[in-house]
Amino acid sequence: MTKLLATIPVLSSADLARDVAWYAEKTGFRTISNQEGYAIMQRENLEFHLQWHHGTEDDPVLAGVMRIWVKGILPLFEELVQRGTVTPDKLRMGTEWGTNEFGFYDPNGNAIFVMEDVD
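Report follows, based on the coordinates. Please read all numbers here as calculations on a predicted model, not as lab measurements.

### Observations regarding the sheet that holds strand β1 (residues 10-13)
- Pairing within the open sheet is mixed, and its four strands lie in the order β1-β4-β3-β2. A strand with exactly one partner marks an edge of an open sheet, and here the two such strands are β1 and β2 (30-35). Strand-to-strand, the axes of this sheet are offset by a mean angle of 25°, without reference to chain direction.
- Here β1 runs beside strand β4 (residues 46-52); their pairing, made up of four bridges, is parallel. Among the inter-strand pairings, V10 is bridged to a residue of β4, identified as H49.

If you want it as structure tokens, here you go:
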């Protein structure tokens, strides 16, 4: 029997050194591995990867989307406001689909959404 363990988003990067530094400063994710053209970022039990692309027709930097599901969104939102990652007006409480959430973009245009279910 197969046991599914996790999914790991891989986001495009046009400048890996810039993006590793940006994620550390703006989101608190730290680099746990940084090889040529590929970095692994982690915070608590969450992990995602950054992969460098040339930005050419054959190897474009394509913007992706990552959704982070949390419990207790307010402390993280306040932290990211303090870091300058997101502005205070971005928090949406009690959406019609039953979430509290906010989002922002990294330097490559990757969309990062943080959400929690409304209890």
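We are not done yet, so read on.
### As for the layout of surface pockets
- Its boundaries defined by the atoms lining it, the largest pocket holds a volume of some 330 Å³.
- Lining the largest pocket are 13 residues; nearest its centre among them are T7, P9, N45, L46 and E47.
- Counting residues per element, the ones that place at least two in the lining of the largest pocket are β4 and β5 (65-69).
- Split by residue class, the lining of the largest pocket holds nine nonpolar, two polar and two charged.
- In this model, the second largest pocket occupies a volume close to 260 Å³.
- Forming the boundary of the second largest pocket are 13 residues, of which R43, E44, L46, V70 and L76 lie nearest the centre.
- Elements with a minimum of two residues in the lining of the second largest pocket: β5 and α2 (73-82).
- Here the residues of the lining of the second largest pocket are counted per class, giving nine nonpolar, two polar and two charged.

Calculation rules
- Residues numbered from 1 in each chain as written.
- Predicted model: local features only at pLDDT ≥ 70, side-chain atom pairs only at ≥ 80, totals over all residues.
- Heavy atoms only, no water.
- Pairing = 2+ DSSP bridges.
- Helix = DSSP H or I, 4+ residues; strand = E, 2+ residues; numbered from the N terminus.
- Axes fitted to C-alpha atoms, helices over the stretch in contact; angles between N-to-C directions.
- 1 Å grid on protein atoms, 1.4 Å probe; cavity = no way out; pocket = protein on both sides within 12 Å on 5 of 7 lines; lining within 4 Å.
- Points joined across faces, edges and corners; volume = space filled by probe spheres on them.
- Nonpolar A, V, L, I, M, F, W, Y, C, P; charged D, E, K, R; others polar.

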